[in-house]
Amino acid sequence: MYGIVYEEKKYVFEKREQMKADLEQEYYKNKEPSDEFIDSFARKYDICLPDDILFDEDTLMEAFMNI
């Protein structure tokens, strides 16, 4: 699971601990995250998936132009 969670500076460590607790609970319960858990976790923490995590925009645009 990849993504970025934005939070105010004063709440960063609190949010991190909440996320860590949720992930640990899911691991102990199922050993593998279910699709339902991933969806609910992403919604709960408003996880963002920036474009540049998975691909280079310039390369993508070049590929589209060559189609």
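Quick notes on the rules
- Residues numbered from 1 in each chain as written.
- Predicted model: local features only at pLDDT ≥ 70, side-chain atom pairs only at ≥ 80, totals over all residues.
- Heavy atoms only, no water.
- Helix = DSSP H or I, 4+ residues; strand = E, 2+ residues; numbered from the N terminus.
- Buried < 20%, exposed > 50% of the residue type's maximum accessible area, 1.4 Å probe, protein only.
- Areas by Shrake-Rupley, 256 points an atom, 1.4 Å probe, with all protein chains shown as cover.
- Polar contact = N/O pair within 3.5 Å; in protein donor to acceptor, adjacent residues only side chain to side chain.

Asker: I keep staring at the overall build of the protein chain and nothing clicks. Help me out?
Answerer: Within the protein chain, the secondary structure is distributed over 4 helices and 0 strands. Tracing the protein chain from N to C terminus, the helices and strands come up as α-α-α-α. The buried share of the protein chain, reckoned over its 67 residues, is 10%. Carbon and sulfur atoms make up 53% of the accessible area of the protein chain, which totals about 6,100 Å².

Asker: Teacher, can you tell me more about the side chain of Asp22 here?
Answerer: Structurally, Asp22 is set in helix H1 (residues 12–30). By relative accessible area, Asp22 is classed as buried at 17%. Among the polar contacts listed, one links the side chain of Asp22 to the side chain of Lys44, at a separation of 2.9 Å.

Asker: Where do I start with unusual backbone geometry in this structure?
Answerer: With a phi close to 65 degrees, Lys31 is a non-glycine residue in the positive phi region. Mapped onto the fold, Lys31 is located in the loop between H1 and helix H2 (35–44).

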